[in-house]
Amino acid sequence: LKYSTFAIATDEFFSHLSSQKVSHRADAAEAAARERLAKIQADQQRRVDGLVKEQERWREGAQLVEAHAEDIDRALGVINSALETGMDWEALEQLVSVEQANENPIALLIHALKLDKDEVVMALPDIDDWDDSDPDSLPPIHHVAVSIKDSAYGNARTMFAQYRASKEKEEKTMEASTVALKAAEAKAKQQLAEAQKQKQRVQVMPQRKVYWFEKFAWFITSDNYLVVAGKDAQQNEQLVKKYLRPGDAYLHAEVHGAATCILRAKRRRRKDGRTQVIPLSDQALRDAGTFTICRSSAWSSKMVTSAYWVESHQVSKTAPTGEYLTVGSFMIRGRKNFLPASSLEMGLGVLFRLGDDAGIARHANDRRDFALLEQEQMMAQEDEMQQKDEILPETDGFDSESNGEGEDEDDKPHVDEEVVETSNIEVEQELSEKMEATSVEATNVLDGDNHEASRSKDDKAVSFQTNAPPPKSGKKKEKELSRGKRAKNRRAKKKYSDQDEEDRRLAMMALQGGESSKKGKKKGSKIIAKDSEMQQKAEQAAKQLLVRDSKKIADNLDESVKDILAACVTVKVTKGSEGVRWNKFDAEVLELLLEMDSLEEQRSAANRLLELTKSTRIDNFSASLAGIIRTIKKHGVQTLSNITQGDGKQRKTKAEKQAEKEAWQEILAEDGIVDNDGDDDLAGAVDDSAELAQLTGKPTSGDIVLNAIPVCAPYHVLSQYKYRVKLTPGSVKRGKASKQCVEMFTRNEEGKRNVVDEGTKRDKELIKLVGENEWV
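Notes on the structure in this doc start here. (Residues numbered from 1 in each chain as written. Predicted model: local features only at pLDDT ≥ 70, side-chain atom pairs only at ≥ 80, totals over all residues. Heavy atoms only, no water.)

The next subject is the overall build of the protein. Along the protein, the regular secondary structure elements total 29 helices and 19 strands. Residue burial in the protein is summarised as follows: out of 776 residues, 33% are buried. For the protein, long-range pairs separated by at least 24 residues make up 71% of all intrachain contacts whose partners lie at least 6 apart in sequence. Accessible surface computed for the protein: about 50,500 Å², of which carbon and sulfur atoms make up 49%. (Helix = DSSP H or I, 4+ residues; strand = E, 2+ residues; numbered from the N terminus. Buried < 20%, exposed > 50% of the residue type's maximum accessible area, 1.4 Å probe, protein only. Contact = heavy atoms within 4.5 Å. Areas by Shrake-Rupley, 256 points an atom, 1.4 Å probe, with all protein chains shown as cover.)

Written out as structure tokens, the structure reads:
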């Protein structure tokens, strides 16, 4: 056989293989049904044959006892008289043996004594079946057990009664076996018919895409929120660590067996590219709370209780001191928001996955969230107001404040924030000009002798803060702090009492290595006057002594070494322009590189660092370069070259990985394998809405449906589903209940057989293809 592509050949091969497996399973089921029926028939026949043999034995025994009644009565009389005289059982057996040796006819009839059962086994000849034509032949002997407490005719009556009882038992057994055989045959015929149907409809269905949440217990709320719960402790741990995002709700209940439940929040993409979390709806929280309660021990005990929810940042794996959290357990810190008590009503429904964009658009409003629409309108208005505020120039800050009286009250807070920030900037500029005009001659800060002058400057600066809010008193601040922090602040004030603000700023600059603070100005912050020219010069002099410039030391290196190091720390500033960030290197590390013995060692160290930047991600360039320098000084350049050679394996860059992925997709496309499966539509998704939009509970005949997915959810959530069954607490097992639900979904109502549309037939066929394990 020849095929156009390898993909078609592979698909044909595995399709035949799968169909053969299905056919073999059907044959095995058919053979098992026939074998089971044959075993039942053999067992019933064996029971009837046993009863027939038992009847013959009782009838023959009774007839022989009647035929030899006189001899049996004599034997029983001798044995009873011996026992009445107190003869020992062993002595009696010896007496019988002696009489048999003397060929006593009565003793010869005794075969064995069973005195513990009050019985004697008699060896009775069957004269009726004896052929007396042959003088040498002997009549057949039958061993019959008779009771020593009854006469021969009494024993015969008992045996005939046993015969009649056995005969009645045989009749009842025959009737029961007939009914059992009919039931077994009917069941076997049903199994054979199913096996034949499986043979006839052998079809290979493509394996459907399994969503990430299907391995958990899940459902979709009536307003299109995804709720996920763990089935065991490991899944609870995985849910919190991997799938709990900021803005999501964590639900639990104070009931034994309650699982970890997560309500996934919706998000939207703002115009500036950022993602914004949309607040959760009350209806979704109530649905998730009902789901949490019904999956706990409250379901089996039929106890009506309530669940609670907390925000994601309140869930922690950190246990209190001296305690330990097991797998699947978490610590809740803060307030718990309890929900109303929920009823114990669950439902089993069927979701269908849509296969075309038209069907997805048609069912877009199946689970509509009206609260979300209002929130989106409000957020859109806020975005428009923020864009208007950004368009306004900063110099118009006071004008916008004065003209904002006619605006809505909801928009005023946003305008006030902008006004405060711009006004503070203008006041700072005015105050800096005043400070330069009225500045006092400053002394050198490094001398450290004239601290009082600097304090007087600070006092002057404070006097200019006319628009700043009055500072809070120190006593009130100490009351807000804990006892340990208050004592720590007192010790710090005592230790650094001789320092002013200028000294503290210089000391912090020396500790931080000259890095400027990136904290932005907040609303209501103090307005500090700008330093004078003398203060700026003194501060610059202190910076030169305390902070060392890495670029100046790099200028002393050889040009080749400098170019290699520059390539390591070159970053893109804007489109088409690059910049070298020498501040990633410490000056001390560059001095160590400069102090190396030879230029070859410097180049080797720089080249090794460049290779590391290409293969791995480096967070601290100074530490990496210092480690390379120590290695060269200790082991030499040759050892570094051996390390550099290695096995030639390097981590692939993102561009290389993307190029390989595109090349592989092109190869698959040539073979006809294109399996996007809707992933392109989900690439820019910010939440689960794109995945949930592909699922609907009420398909129509015009939809393209790919497969059916069972879902278990609170019953009121399934009110709009086409296929749903209500579940309440009871004693029925899950497997049996799921089979009953599937039968209800797939059965045809007698009065509507002629009006069943093609969509319903398609839905029922897809429901039949769902595996049994997916329903449980």
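Moving on from the model shown.
This part takes up the sheet that holds strand E1 (residues 110-114). Sheet strands associate in pairs through backbone hydrogen bonding, adopting either a parallel or an antiparallel arrangement. Across the sheet, which stays open at both edges, the 3 strands sit in the order E1-E2-E3 with antiparallel pairing between neighbours. Of all the strands in the sheet, just E1 and strand E3 (141-147) have a single pairing partner and so form its edges. Adjacent strand axes in the sheet meet at a mean angle of 20°, parallel and antiparallel pairs treated alike. Bridge analysis of strand E2 (residues 119-125) against E3 gives 7 bridges, and the strand direction is antiparallel. For Met122, the partnering residue across the bridge sits in E3 and is Val144. Across the face of the sheet, helix H2 (residues 69-84) comes into contact with E1, E2 and E3 while running at roughly 150° to E2. (Pairing = 2+ DSSP bridges. Axes fitted to C-alpha atoms, helices over the stretch in contact; angles between N-to-C directions.)

Its location among the elements puts Asn155 in helix H5 (residues 152-200). On the accessibility criterion, Asn155 (7% relative accessible area) is buried. A distance of 3.5 Å separates a polar side-chain atom of Asn155 from the backbone oxygen of Asp150. In this structure, Asn155 is in contact with Val65, Leu76, Val146, Ser147 and Asp150, ignoring residues within four places of it in sequence. (Polar contact = N/O pair within 3.5 Å; in protein donor to acceptor, adjacent residues only side chain to side chain.)

The backbone of Asp118 sits at a positive phi, close to 60°, despite the residue not being glycine. Mapped onto the secondary structure, Asp118 falls in the loop between E1 and E2. Phi at Lys302 takes a positive value of approximately 55°, unusual for a residue other than glycine. Relative to the helices and strands, Lys302 resides in the loop between helix H8 (298-301) and strand E10 (308-311). Judged by relative accessible area, which is 57%, Lys302 ranks as exposed.

Among the secondary structure elements, Leu124 is positioned in strand E2. Linking Leu124 and His111, residues 13 residues apart in sequence, is a C-alpha distance of 9.2 Å. Every residue in contact with Leu124, bar those within four places of it in the chain, is listed here: Leu64, Val65, His68, Ile72, Leu109, Pro140, Ile141, His142 and Val144.

Tracing the backbone shows Arg367 in the loop between helix H9 (357-362) and helix H10 (370-391). No salt bridge is formed by the buried Arg367. Its closest oppositely charged neighbour is Asp366, at 5.8 Å. For Arg367, the side chain forms a polar contact with the main-chain oxygen of Leu695, separated by 3.0 Å. (Lys, Arg positive; Asp, Glu negative; His and termini not counted. Salt bridge = Lys/Arg side-chain N within 4 Å of Asp/Glu carboxyl O.)

Okay, the pattern of salt bridges next. Enumeration over the complete set of coordinates arrives at 19 salt bridges. With a closest N to O distance of 3.0 Å, Asp118 and Lys149 form a salt bridge. Of this pair, Asp118 sits in the loop between E1 and E2 while Lys149 sits in the loop between E3 and H5; the two residues are 31 residues apart in sequence, bridging distant segments of the chain. For Lys726, the salt bridge identified is with Glu345, shortest N-O distance 3.4 Å. Of this pair, Lys726 sits in strand E19 (residues 724-727) while Glu345 sits in the loop between strand E13 (337-338) and strand E14 (346-354); the two residues are 381 residues apart in sequence, bridging distant segments of the chain.

A word on the packing of aromatic side chains. Evaluated as defined, the whole model comprises 14 aromatic pairs. Between Trp582 and Phe585 the ring centres are 6.3 Å apart and the planes differ by 45°, which places this aromatic pair in the tilted class. Residue class for Trp582 comes out buried when judged on its relative accessible area of 9%. Taking relative accessible area as the criterion, Phe585 reaches 1% and is therefore assigned buried. Grouped by ring-pair contacts, the aromatic residues Tyr211, Trp212, Phe213, Phe216, Trp218 and Tyr243 constitute a single cluster. Sitting over the ring of Trp58, Arg57 keeps its end group 4.9 Å from the ring centre. In this structure, Lys336 is placed above the aromatic ring of Tyr308, and the distance from its NZ or CZ to the ring centre is 4.7 Å. (Phe/Tyr/Trp six-rings, centres within 6.5 Å; stacked < 30°, edge-to-face > 60°. Lys NZ or Arg CZ within 6 Å of the ring centre and 35° of its normal.)

Turning next to the environment of Glu99. Within the secondary structure layout, Glu99 lies in helix H3 (residues 89-101). By relative accessible area, Glu99 is classed as partly exposed at 27%. Those residues within four positions of Glu99 in sequence are excluded, and the remaining contacts are Asn104 and Ala107.

Over the atoms rolls a probe the size of a water molecule, and its path tells where empty space is left. Enumeration according to the criterion identifies 3 cavities of 30 Å³ or more in this entry. Taken as a whole, the second largest cavity holds about 50 Å³ of empty space. Every residue along the wall of the second largest cavity is listed here: Asn224, Tyr225, Leu226, Arg264, Ala265, Lys266, Asp687, Asp688, Ser689 and Leu692. A class-by-class count of the residues in the lining of the second largest cavity yields 4 nonpolar, 2 polar and 4 charged. (1 Å grid on protein atoms, 1.4 Å probe; cavity = no way out; pocket = protein on both sides within 12 Å on 5 of 7 lines; lining within 4 Å. Points joined across faces, edges and corners; volume = space filled by probe spheres on them. Nonpolar A, V, L, I, M, F, W, Y, C, P; charged D, E, K, R; others polar.)

For the rest of this paragraph, the subject is the sheet that holds E13. The 6 strands lie next to each other as E4-E5-E7-E6-E10-E13, forming an open sheet whose pairing is antiparallel. Either end of the sheet is taken by a strand with one partner, and the two such strands are strand E4 (217-220) and E13. Of the strand pairs in this sheet, strand E6 (residues 249-252) and E10 are connected by 4 bridges, and their pairing is antiparallel. Bridging from a neighbouring strand, Leu251 pairs with Trp309 of E10.

Okay, the environment of Asp27 next. By the element assignment, Asp27 lies in helix H1 (residues 6-67). Remark: the alpha-carbon pair of Asp27 and Gln196, spanning 169 residues in sequence, is separated by 8.5 Å.

We now examine the nonpolar core. Counting 53 residues, the largest nonpolar core has Phe213, Trp218, Leu251, Leu263, Phe291 and Val315 as its most contacted members. Element by element, the count of residues in this core is highest for helix H7 (residues 282-294), at 6 residues. Core analysis: the second largest hydrophobic core is formed by 27 residues, Val561, Leu593, Ala606 and Ile628 among them. (Core = buried A, V, L, I, M, F, W, Y, C linked by side-chain atoms within 4.5 Å.)

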